[in-house]
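# Structure at a glance
Residues per chain, in single letters:
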Amino acid sequence: MADNIELTGPIGVFDSGYGGLTILKEIRRLMPEYSYLYLGDNARAPYGTRSFDIVYRFTLEAVTALFDKGCPLVILACNTASAKALRTIQQRDLPAMKPGLRVLGVIRPTAEEAGELSATGHIGILGTEGTVNSRSYDMEIDKLHPGFTVVSKACPMWVPIVENNEASNPGADYFVNKYIASLLESDAAIDAVVLACTHYPILYPKIRKAVPEGIKVVKQGDIVARRLKDYLRRHPEMERKITRGGDCRYLTTENPEKFTGLASVFLEEPVEVSHIDL
Ligand code: DGL
């Protein structure tokens, strides 16, 4: 009898730090019925300037920890981890784990929507050095929308600004204006700028001001949330494994008090945080 009871667990959401909270917020807004477990590797953020091997190893450790906590599905709410670790984890590591576990990223869903984002077919991508150098967006967009032009710009100062809670201070303006100007100078036909790092929406008010009005500034949260909902509709065998309850717990590799302070600002609600060693 007991064998027929299917074990359920929360949806795991992973990021190097606070950035994934911008994705989690939209996922919870669209699917408030599920339970969630967020893991921020704040002690080792940023990932954006780290090598392929290190990002892969750190990401695999985090994903394994979320599986160990009972998550049947983990979302890499981090472009750098999606660019550098997702494919290897899906192809090499998952087949050796318990059957039925899944990991999804944020690049593919964003690339799928590129056609709806741009009329000129010229898209600007702002991301970490790791994401930009991986050329993952160029390859995914080219596969799905041949003929599109992708112009990418790494913004190495933006994640440290966010992780240090400086996103709304005047000092951040200099670096916001600098990277936007450099991206737009490269291609005058860009009509959509994708914030291809989950930390960047926290700088949205400054970014929106720096980008001319006729150009869209695209946040990924809503795209990832809609695509995840669609994935769960198409995969009822996974949907059944997700715990319902609407609760959300948080894990950080840093000090929980530090995480709580900043996370509550981003999420506008109190959060329950525990420390985890990876
Ligand atoms: N938020 C992450 C991303 O989307 C990475 C930031 C970092 O750790 O450098 O790329």
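The sections below set out a description of the structure shown in this document. Small disclaimer: the values here were computed from a predicted structure and weren't measured.

### Some details on the side chain of Asp191
- Following the sequence through the fold, Asp191 ends up in the loop between helix 10 (171–186) and strand 7 (192–195).
- Summary of buried charges: Asp191 has no salt-bridge partner, and the nearest side chain of opposite charge, Lys216, is 6.4 Å away.
- Looking at Asp191, its side chain comes within polar contact range of the main-chain nitrogen of Ala119, at 2.8 Å.
- Non-local contacts of Asp191, meaning those with residues more than four positions away in its chain, are made with Ser118, Ala119, Thr120, His122, Gly214, Ile215 and Lys216.

### Here's the deal with helix 2 (residues 52–68)
- In this model helix 2 runs 24 Å from its N-terminal to its C-terminal C-alpha over 17 residues, within 8% of the 24 Å that 1.5 Å per residue would give.
- Within the span of helix 2, buried status applies to Val55, Tyr56, Phe58, Thr59, Leu60, Ala62, Val63, Ala65, Leu66 and Phe67.
- Buried residues along helix 2 sit in contact with strand 1 (11–15), strand 2 (36–40), strand 3 (73–76), helix 3 (79–84), helix 4 (86–93) and strand 4 (102–104).
- After helix 2 finishes, the residue Gly70 shows a positive phi value of roughly 100 degrees.

### Remarks on the sheet that holds strand 4
- Reading across the sheet, the six strands line up as 4-3-1-2-9-10 and stay open at both edges, with parallel pairing between neighbours. Of all strands in the sheet, those with a lone pairing partner are strand 4 and strand 10 (273–275), marking the two edges. On average, each strand axis in the sheet is inclined to that of its neighbour by 20 degrees, with strand direction left out of account.
- Sheet topology note: the strand 1/strand 3 ladder contains four bridges and is parallel.

### Brief notes about the packing of aromatic side chains
- Tallied over the full model, the rule gives 10 aromatic pairs.
- Seen in terms of ring centroids, Tyr38 and Phe259 are 6.2 Å apart; in terms of plane orientation they differ by 40 degrees. Their pairing is tilted. Of this pair, Tyr38 sits in strand 2 while Phe259 sits in helix 14 (residues 256–267), placing them 221 residues apart in sequence.
- In this structure Phe259 comes out as buried when scored by relative accessible area, which is 0%.
- Residues Trp158 and Tyr179 carry aromatic rings whose centres are separated by 5.7 Å and whose planes lie at 55 degrees to one another, so their mutual orientation is tilted. Of this pair, Trp158 sits in helix 9 (residues 158–163) while Tyr179 sits in helix 10; the two residues are 21 residues apart in sequence, bridging distant segments of the chain.
- By the ring-pair criterion, three or more aromatic residues cluster together here, those being Trp158, Tyr174, Phe175, Tyr179 and Tyr200.
- Residue placement shows Arg44 over the ring face of Phe58; its charged tip is 3.6 Å from the ring centre.
- Positioned above the aromatic ring of Tyr204 is the side chain of Lys219, whose terminal nitrogen or guanidinium carbon lies 4.1 Å from the ring centre.

### Focus on the side chain of Asp187
- By secondary structure assignment, the location of Asp187 is in the loop between helix 10 and strand 7.
- Despite being buried, Asp187 has no salt bridge partner; Arg135 is the closest side chain of opposite charge, sitting 13 Å away.
- In contact with Asp187, not counting residues within four places along its chain, are His122, Thr149 and Val151.

### Regarding the packing of helix 2 against helix 4
- Contact geometry of helix 2 with helix 4 gives a least axis separation of 10 Å together with a crossing angle of 60 degrees. Here helix 2 is positioned oblique relative to helix 4, judged by the angle of their axes. The handedness of the crossing between helix 2 and helix 4 comes out as right-handed. Here helix 2 contributes Tyr56, Thr59, Leu60 and Val63 to the contact with helix 4, which in turn contributes Thr88, Ile89, Arg92 and Asp93.
- In terms of residue class, the contact of helix 2 with helix 4 is built from four nonpolar, two polar and two charged.

### Let's talk about the pattern of salt bridges
- Within this structure, the stated rule accounts for 18 salt bridges.
- The salt bridge involving Arg44 is made with Asp41; its shortest N-O contact spans 2.8 Å.
- Two residues, Glu113 and Arg227, come together in a salt bridge whose shortest N-O distance is 3.1 Å. One end of the pair, Glu113, is in the loop between helix 5 (107–112) and helix 6 (114–117); the other, Arg227, is in helix 12 (residues 221–234), and 114 residues separate them in sequence.
- Looking at Arg227, the relative accessible area reads 27%, which means it is partly exposed.

The rules behind these values
Residues numbered from 1 in each chain as written. Predicted model: local features only at pLDDT ≥ 70, side-chain atom pairs only at ≥ 80, totals over all residues. Heavy atoms only, no water. Helix = DSSP H or I, 4+ residues; strand = E, 2+ residues; numbered from the N terminus. Buried < 20%, exposed > 50% of the residue type's maximum accessible area, 1.4 Å probe, protein only. Lys, Arg positive; Asp, Glu negative; His and termini not counted. Salt bridge = Lys/Arg side-chain N within 4 Å of Asp/Glu carboxyl O. Polar contact = N/O pair within 3.5 Å; in protein donor to acceptor, adjacent residues only side chain to side chain. Contact = heavy atoms within 4.5 Å. Expected span 1.5 Å × (residues − 1). Pairing = 2+ DSSP bridges. Axes fitted to C-alpha atoms, helices over the stretch in contact; angles between N-to-C directions. Phe/Tyr/Trp six-rings, centres within 6.5 Å; stacked < 30°, edge-to-face > 60°. Lys NZ or Arg CZ within 6 Å of the ring centre and 35° of its normal. Parallel < 35°, antiparallel > 145°, perpendicular 65-115°, else oblique. Left-handed = near helix turned anticlockwise from the far one by under 90°. Nonpolar A, V, L, I, M, F, W, Y, C, P; charged D, E, K, R; others polar.

What is shown is where atoms sit, not what they do.
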